[in-house]
Amino acid sequence: MIDTALKELLVNFAKSREPICVLTGAGISAESQIPTFRGPEGFWTVGSREYHPQEMATFQMFLQYPDEVWRWYLYRMGICKTALPNPGHLAVSEMERMFGGRFTLITQNVDGLHLRSGNSPERTFQIHGNIFHMRCAGECTRNIYPLPPGVSPKSKEEPLTEEDRRLLRCPACGHLARPHVLWFDESYDEIHYRYVSSLETARKTKLLITVGTSGATNLPNQVVHEVKRSGGILIDINMEENPFSRAALSGKNGFFLKGKSG
């Protein structure tokens, strides 16, 4: 239940012309039955060894076992493809329709559900990439490409086919393509992950709503810090207390709503 003070603050803010930003993490997709993949669901066996998600999701692993990394991502893609946007996603897309140019969405999720629910690519900063896209592993170009239609999701047991290997190549140079995701041994940048744009947005934001994120990654923490530093309103929605709920409650303009994002 939203208390009276917060409701009044939100009503007044909606009538203003101030910028609003929503920052989402894995929690908003949990109600669509998408696991975080940092737990047991993300473990992957290569030969006789089981690898943790933090080991699979690295450029170093891709260099050693490109087929296995692609298989892992195509398995994950299948789960994301069958999932449907939930009320949380639909609410965020409705906010963009309501607030127009005042609105920005920053999402850590690679599942594409925000775009499928109606948020625009122009106002959606996918700061960890998108599992349905790829780019040249040799970096011949900065272009990002949708996965070719002939590439289909895999079960855990299915190997890559020769056709898969042919399609999972850079359209520009023919070099092996890689999933368009930010890996654990890589850094944020502007070209692929909207690093600078996210921080510029945060400095202008007067109301930041964080939803379903644990505060475990660098750029989201910087975004929250920038909004708080400039005196913006912080609202955290999460099932559990976390660094962002504590950041919100430590200031006069902060609120924590404990519950599901939907």
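Computed from a prediction, not measured in an experiment: that's the story for all the values here.

**Section: the nonpolar core**
When a protein is soluble and globular, its nonpolar side chains tend to lie buried together. Counting residues in hydrophobic clusters, the biggest one holds 34 residues, and the most contacted among them are Trp70 and Tyr73. Elements supplying a minimum of two residues to this core: strand 2 (44–46), helix 4 (59–64), helix 5 (66–82), strand 6 (129–136) and strand 8 (177–181). Per-element tally for this core: the top contributor is helix 5, with nine residues. Other than its neighbours up to four places away in sequence, Tyr73 contacts Ala57, Ile131, Pro179, Val181 and Trp183. Judged by nonpolar contacts, the second largest core, of 19 residues, contains Phe125, Leu208, Val223 and Val227.

**A closer look at the pattern of salt bridges**
Evaluated as defined, the whole model comprises ten salt bridges. Between Glu68 and Arg71 there is a salt bridge; the shortest N-O distance is 2.7 Å. Residue Glu68 and its partner Arg71 are located together in helix 5, separated by three residues, close to a single helical turn. Among the salt bridges present, the one from Glu190 reaches Arg194, with a minimum N-O distance of 3.6 Å.

**Some thoughts on the sheet that holds strand 6**
Here three strands make up an open sheet; going across it, the order is 7-6-8 and the pairing antiparallel. In this open sheet, the two strands that pair with only one neighbour each are strand 7 (145–146) and strand 8. Each of strand 6 and strand 8 is contacted by helix 5, which is oriented at about 145 degrees to strand 6, the strand it contacts most.

**Quick word on the pairing of strand 8**
Within strand 8, five of the five residues are buried, which leaves the element mostly enclosed by the surrounding structure. Bridge analysis of strand 6 against strand 8 gives four bridges, and the strand direction is antiparallel. Bridge assignment links Cys136 to a residue of strand 8, and that residue is Ala177.

**Section: the sheet that holds strand 1 (residues 20–24)**
Pairing is parallel across the open sheet formed by six strands, whose spatial order is 5-4-1-9-10-11. Every interior strand has two partners, whereas the edge strands, strand 5 (124–126) and strand 11 (254–258), have only one. Geometrically, the sheet is characterised by an average inter-axis angle of 15 degrees between neighbouring strands, direction not taken into account. Across five bridges, the pairing between strand 9 (residues 207–211) and strand 10 (residues 233–238) is parallel. Following the sheet pairing, Val211 is matched in strand 10 by Ile237. Packed on one face of the sheet, helix 6 (residues 87–99) meets strand 1, strand 4 (103–107) and strand 9 and runs near 155 degrees to strand 4. Packing against the sheet, helix 10 (residues 195–204) makes contact with strand 1, strand 4 and strand 5, and its axis sits at approximately 135 degrees to strand 5.

**A word on the packing of helix 10 against helix 11 (residues 218–229)**
In the contact formed by helix 10 and helix 11, the axes pass within 8 Å of each other and the chain directions differ by 25 degrees. The angle between helix 10 and helix 11 places the two elements in the roughly parallel class. Of the two elements, helix 10 crosses helix 11, and the hand of that crossing is right-handed. Counted together, Tyr195, Ser198, Leu199, Ala202 and Arg203 of helix 10 and Leu219, Gln222, Val223, Glu226 and Val227 of helix 11 form the full contact between these two elements.

**Quick notes on the side chain of Ser29**
As for its position among the elements, Ser29 is in helix 2 (residues 27–30). When its relative accessible area of 2% is taken as the criterion, Ser29 is described as buried. Among the polar contacts listed, one links the side chain of Ser29 to the side chain of Asn109, at a separation of 3.5 Å. Filtering out sequence-adjacent residues up to four positions away, Ser29 remains in contact with Ile34, Asn86, His89, Asn109, Asp111 and Leu113.

**Notes on the side chain of Asp236**
Looking at the secondary structure, you find Asp236 in strand 10. In terms of polar contacts, Asp236 uses its side chain to reach the side chain of Asn242, at 2.8 Å. Once you skip the residues sitting within four places of it in the chain, Asp236 turns out to touch Thr210, Asn242, Phe244, Ser245, Phe255, Phe256 and Leu257.

The rules we used
- Residues numbered from 1 in each chain as written.
- Predicted model: local features only at pLDDT ≥ 70, side-chain atom pairs only at ≥ 80, totals over all residues.
- Heavy atoms only, no water.
- Core = buried A, V, L, I, M, F, W, Y, C linked by side-chain atoms within 4.5 Å.
- Buried < 20%, exposed > 50% of the residue type's maximum accessible area, 1.4 Å probe, protein only.
- Helix = DSSP H or I, 4+ residues; strand = E, 2+ residues; numbered from the N terminus.
- Contact = heavy atoms within 4.5 Å.
- Salt bridge = Lys/Arg side-chain N within 4 Å of Asp/Glu carboxyl O.
- Pairing = 2+ DSSP bridges.
- Axes fitted to C-alpha atoms, helices over the stretch in contact; angles between N-to-C directions.
- Parallel < 35°, antiparallel > 145°, perpendicular 65-115°, else oblique.
- Left-handed = near helix turned anticlockwise from the far one by under 90°.
- Polar contact = N/O pair within 3.5 Å; in protein donor to acceptor, adjacent residues only side chain to side chain.

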